[in-house]
Structure formats: C-alpha cells, structure tokens
Amino acid sequence: VTRVTYAHFGMLYISIEHYLRSLGLEPVTPPLSSRRTLDLGVRHCPEMTCAPCKILFGNYCEGLERGADHLILFGGPDTCRLGYLARPQTERLREAGFEFTAHTVNPRTLAADALRVTREITDPSPRAWLDGARTLIASQTIVDEIEQLAFKLRPREQDRGTATRLQTRALEEVRACQDRVEIQAKREQILAPLLSAPRDRRRRVFRVALVGDPYSVSESFFNMNLEQELGYLGAEVDRWFWISRGFHLPSMEWVVHRGEIQARSEEVASYLGRDVGGFALPSLKEAMSFVREGVDGLVHLAPFSCTPEIVAATVLPRMARDHGVPLLALSFDEQSGQAGLITRLEAFVDLLDRRAWRRERR
Amino acid sequence: MRIGLPRALTYYEYAPLWRSFFEALGAEVVVSRPTSRATLDLATSHATADLCLPVKLYAGHLLALAPEVDLLFVPSLRRPMRAATHCAKIVGLPDLARSLVREPSMLLAVDIDLDKGALALAQAVWAAGRPLTWNPVQIARAAEAAWNQFQRRPKPTPRPAEGTQPVLTLGVVGHSYLLEDTYANHRLLDRLGQLGARVLTPGMLPDGAADRCVERLTGEAYWAYAPSLVGTGSCFLESEEVDGLVAVIAFGCAPDSGLAPVLAQVAQRAGVPMLTLTLDEQSGEAGLMTRLEAFVDMVVLRKRRGVELDEQAPLCSLES
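Thresholds applied
- Residues numbered from 1 in each chain as written.
- Chains lettered and ligands numbered in written order.
- Predicted model: local features only at pLDDT ≥ 70, side-chain atom pairs only at ≥ 80, totals over all residues.
- Heavy atoms only, no water.
- Contact = heavy atoms within 4.5 Å.
- Buried area = accessible area lost by both parts, 1.4 Å probe.
- Salt bridge = Lys/Arg side-chain N within 4 Å of Asp/Glu carboxyl O.
- Helix = DSSP H or I, 4+ residues; strand = E, 2+ residues; numbered from the N terminus.
- Nonpolar A, V, L, I, M, F, W, Y, C, P; charged D, E, K, R; others polar.
- Buried < 20%, exposed > 50% of the residue type's maximum accessible area, 1.4 Å probe, protein only.
- Polar contact = N/O pair within 3.5 Å; in protein donor to acceptor, adjacent residues only side chain to side chain.
- pLDDT = per-residue confidence, 0-100.
- Pairing = 2+ DSSP bridges.
- Right-handed = clockwise from strand over helix to strand, strands pointing away.

### As for the interface of chain A and chain B
In this assembly, 31 residues from chain A lie in contact with 34 residues from chain B. Summing the contributions of chain A and of chain B, the shared interface buries around 2700 Å²; its carbon and sulfur component is 62%. For the chain A face of the interface with chain B, the top three residues by lost area are Met48(A), Tyr84(A) and Arg274(A), together amounting to 29%. The tally of links between chain A and chain B comes to two salt bridges. With a closest N to O distance of 2.7 Å, Asp111(B) and Arg274(A) form a salt bridge. At the level of secondary structure, the elements contributing two or more residues to the side of chain A that touches chain B comprise α4 (81-95) and α14 (307-323) of chain A. The dominant element in the side of chain A that touches chain B, judged by the number of residues it contributes, is α14(A), at eight residues. Grouping the amino acids of the side of chain A that touches chain B by side-chain chemistry returns 15 nonpolar, ten polar and six charged.

Okay, structure coming up:
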C-alpha cells in the first residue's frame, strides 16, 4: 500500500484521511503539532524563516518518521518565502536520511494542485475520482460545520469547556467514519450535541472576525488557542478562511451575490489595489465583508515578518478606522508564552464591551 | 511639474532610468535627501512596526519628500525577469504609500511586470508619462532614450583600500538599497576600506553573469534578489578573487531569509569565510565594528598562514 504523509493545517487532516482512504491509499497523519514539532523545525530550518515554515517542516519530519513513501509539501511560486523553501526543505529531509517522493502543493491553487498530486501518486478511475472528491467535500463540510457550531456555543456555554469537549468528541466521530455514506448517515447524530447544549442567554456576546494569514487563522497550535480564549471572554468568533467554502461553485456565488461582490472588490481596491501574493487580498476582501455585515471587532493574525500579510497589516488599520471597527493586530513567532496574548485579548474584549455599553446608553 | 523620487529601495537600481525619462518629458525631478536620523524617525513614527528597515526608510523618504513635490513616483515592481518575483512589499509599494501619504492623489503609481508582456509594459510607461503629456509618441521616445541611456550607464569600479597596498579583497553582496545607503549600513564599505580591504560589489560584475550563476546553482531564480545575493556571491567565489564574503541582509526580509543560507553553504564548500550582517533600525555601531574587525583579522590571518578551512568545520570557528 502507498503511504502518504502531509503537514497539519487546522483540521484538514480528517478530510485528507477520508480522501486518501477512498482512493485506496494509506494516510499517515503526523502527530498533532507540539513543542517537538517546532523544535525540529527550529533546528533544521534557516534562522529567519517564519514560524509556520518551521512547524510545517517538523510535521514533515514526524510524518516521515512514521514511515511514509510520499510527502505532500506546501510550496510553489508566490511572493511568500514558503514557495522558495520547498526545495531546500526537501533536500534537508533527504540529507537526514528519509527516502520519499515529494509532491508540492501551492496553497493558492489548492484544488488544481490536489488533482495533480493525486494523479502523481496514483491513477484512479473516473469513478474513484468522483467518489474521492465527494468524500473530501462531505468530510470537510461537516468538520467546518462542527468548528463553526463550537464557535457559536463557546461564548454562551453554561459550563466552561463544554464547547471544546463536544467539538473534540464530534471530530473524533467524524474521523472514525469509514466512508462518505457513513458520514452522511451520522450527520445529524454528530451535530446534535453541539446544537442542543444548554446556553446562557443573558451573556453579552460580541462578534469578532479573524482575518489574515490562513495558517495563523486555522492552526490552533500556532495561534495558541486564540479562538478558544476569545470564546471564553465572550466573543463569538468567525474566521475568513474555511476550506469547505472553496467547494462552493464560484460561478454560483458570483451569480447570486454579484453586486455585493463587485462593490466589495471596488472598496477593497481603494486600500489594496493589487494582488501582492499570499492571501493578503482575499483576506482583506473577507474583512470588508465582515465590516459590512457589522462585526463588532476584527483581529488580524500573521506570522512575524510575513511578507504579504505585512502589506495587509499596513492598510488594514486605515480600513478599520474608516469604518469605525476596532482592530487588534497580532503577530506570532516561535515563542509560546500565552500570558501576553491573553492580556491583549482581554483588553480588546473590554474595549468592545465599553463600546457596546456606550451605544446602549445613547 | 515637480516629480519626487524617494531615495530608497528600487531607486538605487533604476534612478538613472526614471530621471532621464521624466526629464525628457519636461518634469523637474526632485530626489529626497540621503537617509539621516530624521528620515528614520519620521518612518518609525508612521510606518507599521513589523516592516523591515528598507521599507521603513522608504516610508521616511516618501513622507519627507511629499511637501516638496507635485507628484510622487511610486512604482510597483513585480517581475523584473521572467519568473522571479519581488517581495510583496515592493509589489504593494503604492498601497503602502497610500496608507502613509495624506493626499493619495499625489501618488503616481505604475505597475511593472515584465512577465505580462510588451503591451502591459507599454501601458505602464504610458501611465507614467501621462501626467506630463498627452502625446504618446513623445512618451515612447522619452522611454526609449531613457532605456538606451540606462543600458550604457557606467559600471562602478572596485573600491580600493585606504592607504597603501590592499591586504585583502572582500566581496560584499546584498540588495543595492542596503549596500548604497550609507546610513542604513553604517558606512560599511568605507569601514572595510579603512580596515585595509579592497571591496567588490554586485554592480561590478558584467551584465547577466550573476543571473547565470544563480541558474547553475539553484535553477531558475525564485526571488528577483537571487542574482544580487546568491548569484554575485557565487560569481565572486568562482573567480577566486575574494578572500572573504560579507552578505548584508535586512532583518525580517523574506527573500534573504532563504537566500543567505544558500550562499553560506556555497561559501563553505568553497572554503571561503562568510560574514552575514543583519541590519535593522538600531543605531549602535560598536557591535558592528567589532564584528567587522574580527572578520577582517580572521581573513588576513588565514591568508598569511595559507590555512585551508576544513570543509566540515563551522564557518567562523575559533581554530581557523
């Protein structure tokens, strides 16, 4: 059996596992990112690469340690350093003694590259293709739904930790499903506890949107459980990047919301007029949607010294000021002290609270 | 009409081209004064904290120049070669500028991407000349004349050491905006001269030599900066003219973070010592001087003894 390993990106590993299994491949999921993962990256990557690159490298190492023949790396042309690093990282892994076939996926063209890489690894029949794609979509959709429900529940939960507990259990249930049919059959049953958990209706809840680099936004090891901490402080979190949203037919979205999308693009263009690479432009567009929907606060996340996101971080304050939305900009590196982060989050939520109180008094 | 060129980033590479283009169209070209403490202070009080030193300095020059001119020329350079790309900050320069300058209407932003073909380039040139004249023929002529003149610009010559015979030859590699901004690099080239070094810089290589070195080393360049850092460095090493390499990089620079280690590897294989200097906005010079002196001493000592650096040994071990 062909054994395939890949890096962690939020909860993506669950749907990748389902996808590879449906194609008759064996997924080798590396252990969840830990201190050791980061240490491996720090030891073997150049000093000034960004922290996500180091964590990804640690994931590759830990996946290959479990005995995989194929490695899927992030890379490919862009203005971000990740693209350049795919080649040296592959060389470094080979020097370390791992034997594997490398496949590069550009995060900006995820769907097309996923098809290409699948064809590089195996040659499925059209029927298997279709089944694989439908499995991937079904699995990722329910995973994203679970996370979204947990975001909604967390600020309203009666016992602290309920949302996290239910989310973990639901994700485990999804992961245990054998195939698409089982996921679809168990759907209601998996989501029910998150929907029916008791809620404290008296708490004041703020809507906070996370924008910025997709890795920082999705990977809770890297952003130090920021979503959870914000939830405990009474914020209903939403993030701009959901993988399952990429499955919606873009043309359909365009037909339904054409006017809105155009207006939003034009307004964003007055802040960021060109695609500077990475996810700066799509993230800003979503930030603009959140602002138009009337979100209470924006949090911008980026790895320290991230090139595309620094451009976004420079124009975002102006956008937030023009629309009167409070903005908290955070950049993350290898340091893992959480106290400073929590202080800043508390101060931010206090600010939102004060604003809401003033608005009510008026 | 007065057009302002901030003395930072791509200015150091393309200034003669832009200057002759705008002057041919009858504009008065105003360049910001060389970087000083005031430039940096202006930048740090307005620009995002996480930006790298060169982009901060650009912000400082831009803000210092804004009151003196009618238009500020802020180009967005994406791909100066076929595939290799500039960093996102240089691509997004007009957007960065727009969030700094009070009146965005005074920015003359032009998108240059050679990968998009001749038509896009012609449109960019037209956009650049448009505020000065309606006449496309005049713009085309000015552009062609400026380009021809730019191609014939004189090459810099090796900087001789001060005093008597040079003791050693050092190759200093890095982006032109770090090597030529004497405030940002703390007069690095002069200091090396004072220490007795003859200094070679990227501009002294024949056209295209650095590109070919990159291609031989890592295949097609990913970053547009690869020639000035990795390419030039390995050219110097191949010519066996240099006794040591000094790589000047900016703190937090994405391209440099990947390129400098590649060059360090090449230098190690060639058995030539390399010093990596990382520049940020700190202004203390004592630490820099100590490092330069120690490096030069080490290179001189090695040269006198004819010591070959062991391939496995670290680049700057105490034994060598």
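### Brief notes about the side chain of His175(B)
Residue and element names in this part refer to chain B. By the element assignment, His 175 lies in the loop between β5 (168-174) and α8 (176-179). Of the residues examined, His 175 reaches a relative accessible area of 2% and is grouped as buried. A polar side-chain atom of His 175 sits 2.5 Å from a polar atom in the side chain of Tyr 177. Among the polar contacts listed, one links the side chain of His 175 to the side chain of Asp 256, at a separation of 2.7 Å. In this view, His 175 contacts Tyr 225, Ser 228, Val 248, Cys 253 and Asp 256; residues no more than four positions away in its chain are not counted.

### Section: the confidence of the model for chain B
All names here are of chain B. Overall, the prediction assigns chain B a mean pLDDT of 88, with 94% of residues at 70 or greater. Looking over chain B, one finds the lowest element-wise mean pLDDT in helix α10 (residues 209-218), namely 87, and the highest in strand β2 (residues 28-31), namely 96. This model gives residues 310-320 a pLDDT under 50, and the stretch forms twelve contacts once residues within four places in sequence are excluded. For this predicted complex, the interface score ipTM comes out at 0.89, while the overall pTM is 0.91.

### Points about the pairing of strand β8 (residues 274-279) of chain B
Residue and element names in this part refer to chain B. For strand β7 (residues 244-250) and β8, the ladder comprises six bridges, and the chain directions are parallel. When the sheet's bridge partners are listed, Leu 245 is paired in β8 with Met 274. Crossover connection from β7 via helix α12 (residues 254-270) to parallel β8: handedness right-handed.

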